[in-house]
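Structural description and commentary
The lines below spell out each chain.
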Amino acid sequence: MSKSFEKQPSGNPAPVSKLYSQYAEQYDAAVQDNVFNAHYERPSLQALIGEVAGCDVLDLGCGTGVYAQYMLDNGAEKLTCIDYSPEMVEIVNRKFSGSFGDRVTCYAQDLSTGLPNEADESMDLVISPLMIHYLEDLTPLFSDIARVLRKGGRFVFSTHHPFADIECSTSGNYFEREIVRDVWDTVGVPVDVQFYRRSLTEIMQAISGSGMVVTGMNEGMVSEAVKAMSADHYAFLSTKPNFIFIACQKPA
Ligand SMILES: C[S@@+](CC[C@H](N)C(=O)[O-])C[C@H]1O[C@@H](n2cnc3c(N)ncnc32)[C@H](O)[C@@H]1O
């Protein structure tokens with residue numbers, strides 16, 4: 001996401017499934033070097049991910065494969081990427097079918113129902129950058145993540161910070177899960193997006209209910225390079241948490 005400071009949602013938002021498909025190519029170009037993804041989200045999540053060399057990795061909501069590239073560059077053994085946008089999946093398959101073809105599998109699936117195709121205890125590391133806020137209920141996916149992780153395996157994800165999303169609330173009730181809307185400029189045009197706002201308590205309950213334990217957390221650190229890219233974004237992100245980053249582990 002890339003916050004628009006000026007625009008308010010109006011009319012009917014497109015379903016998220018259509019949105020990411022419609023703008024898949026533009027999303028891929030935008031996230032290579034933009035403020036929110038390249039200079040804020042990725043450095044903050046990568047700091048929590050730690051060692052990936054030799055790991056079998058599952059990337060949930062893989063988008064166009066920016067994290068897949070990171071995993072391959074850092075020695076991941078095997079990578080499975082899932083996204084429900086066929087256009088996102090097509091971009092990942094196009095990027096990695098050549099030299100990395102034997103290490104990368106990518107397929108389309110709605111993650112709201114969990115991971116029906118993934119075997120028990122088959123992964124060392126599961127990541128999910130900026131996807132879980134599109135799921136109404138975290139329980140099916142989180143319990144399946146715990147199932148597919150090997151003992152001692154890690155789940156590391158980012159999502160909207162509950163403190164940031166409360167600004168989009170129409171209910172005014174922080175503790176009530178709510179579908180909310182915002183306008184983002186990520187792909188170069190204003191896009192009206194809807195997603196689920198939930199409390200930190202609900203996120204923590206989904207983790208503990210799955211049997212995993214939290215091992216790390218940060219609230220994001222914008223890189224200094226953003227000062228020169230956008231003074232407004234630097235001022236915003238260095239004083240207000242926009243995303244939250246959480247590392248969990250399946251007990252050994
Ligand atoms: C903000 S993008 C993040 C993409 C990628 N992780 C990254 O960091 O660039 C969110 C992604 O989640 C996917 N997504 C949203 N809801 C989903 C669902 N229910 N099942 C699977 N993928 C979903 C979208 O298609 C999109 O590619």
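Residues numbered from 1 in each chain as written. Predicted model: local features only at pLDDT ≥ 70, side-chain atom pairs only at ≥ 80, totals over all residues. Heavy atoms only, no water.

A word on the overall build of the chain. Scanning the chain for helices and strands turns up 10 helices and nine strands. Scaling as 2.2 N^0.38, a compact globule of 252 residues should have a C-alpha radius of gyration of about 18 Å, and the chain matches this with 17 Å. In terms of its C-alpha atoms, the chain occupies a principal-axis envelope of roughly 45 × 40 × 35 Å. Counting over 252 residues, the chain shows a buried share of 55%. Of the contacts formed within the chain by residues at least 6 apart in sequence, a portion of 76% connects residues at least 24 apart. Only carbon and sulfur atoms are counted for the fraction: they give 52% of the accessible area of the chain, which is about 10,900 Å². Side-chain charges in the chain split into 19 positive and 33 negative, and the spacing between the mean points of these groups amounts to 2 Å. (Helix = DSSP H or I, 4+ residues; strand = E, 2+ residues; numbered from the N terminus. Rg over C-alpha atoms; globule rule 2.2 N^0.38 Å. Buried < 20%, exposed > 50% of the residue type's maximum accessible area, 1.4 Å probe, protein only. Contact = heavy atoms within 4.5 Å. Areas by Shrake-Rupley, 256 points an atom, 1.4 Å probe, with all protein chains shown as cover. Lys, Arg positive; Asp, Glu negative; His and termini not counted. Charge placed at Lys NZ, Arg CZ, Asp CG, Glu CD.)

Among the 19 residues in the neighbourhood of the ligand, the closest are listed as Tyr27, Gly61, Asp83, Asp110 and Leu111. Notes on the ligand: free accessible area 590 Å², of which the protein chains cover 99%. (Near = heavy atom within 4 Å.)

Attention shifts here to the UniProt feature "domain: Methyltransferase type" (unreviewed entry) in the chain. Under the UniProt annotation, "domain: Methyltransferase type" (unreviewed entry) lies at residues 58-157. Here residues 58-157 runs as 29% helix and 30% strand, with 12 Å between its end C-alpha atoms. (UniProt positions renumbered as here; feature names shortened; annotations may be inferred.)

Where side chains of opposite charge bring their charged atoms close, a pairing between them can arise. What the rule picks out here adds up to 14 salt bridges. Note that Arg94 and Glu90 form a salt bridge whose closest N and O atoms lie 3.8 Å from each other. Placement of the pair is Arg94 and Glu90 together in helix H5 (residues 86-96), with a separation of four residues, close to one helical turn. The exposure class of Arg94 is partly exposed, given its relative accessible area of 46%. When its relative accessible area of 47% is taken as the criterion, Glu90 is described as partly exposed. The salt bridge partner of Arg147 is Asp120, with a shortest N-O separation of 2.7 Å. (Salt bridge = Lys/Arg side-chain N within 4 Å of Asp/Glu carboxyl O.)

Moving on, we get to the packing of aromatic side chains. Overall, the coordinates contain 12 aromatic pairs when judged by the stated rule. With 4.9 Å between their ring centres and 25° between their planes, Phe155 and Phe157 make a pair best called stacked. Here Phe155 and Phe157 have matching classes, each one buried. These aromatic residues form a ring-pair network of at least three members: Phe36, Tyr40, Phe243 and Phe245. (Phe/Tyr/Trp six-rings, centres within 6.5 Å; stacked < 30°, edge-to-face > 60°.)

When you line up the elements, Asp28 lands in helix H2 (residues 24-31). In this structure, Asp28 is in contact with Thr64, Ile91 and Lys95, ignoring residues within four places of it in sequence.

Once that is clear, we can look at empty space enclosed by the protein. Tallied over the entire structure, the rule returns three cavities of 30 Å³ or more. Estimated volume of the largest cavity: approximately 150 Å³. For the lining of the largest cavity, the elements supplying multiple residues, two or more each, are helix H1 (16-22), H2 and strand S7 (191-197). (1 Å grid on protein atoms, 1.4 Å probe; cavity = no way out; pocket = protein on both sides within 12 Å on 5 of 7 lines; lining within 4 Å. Points joined across faces, edges and corners; volume = space filled by probe spheres on them.)

Evaluation of the coordinates by the stated rule reveals zero disulfides. Left unpaired, Cys62 is separated from the closest cysteine sulfur, that of Cys106, by 4.1 Å. (Disulfide = S-S within 2.5 Å.)

For Lys240, the position within the fold is in the loop between helix H10 (231-237) and strand S9 (243-249). With 74 residues separating them in the primary sequence, Lys240 and Ile166 have C-alpha atoms 13 Å apart.

Looking now at unusual backbone geometry. Of note, Glu121 is a non-glycine position whose phi angle comes to about 45°, a positive value. One can find Glu121 in the loop between strand S3 (104-108) and strand S4 (123-129). Judged by relative accessible area, which is 36%, Glu121 ranks as partly exposed. Of note, Leu130 is a non-glycine position whose phi angle comes to about 60°, a positive value. Topologically, Leu130 is positioned in the loop between S4 and helix H6 (139-148).

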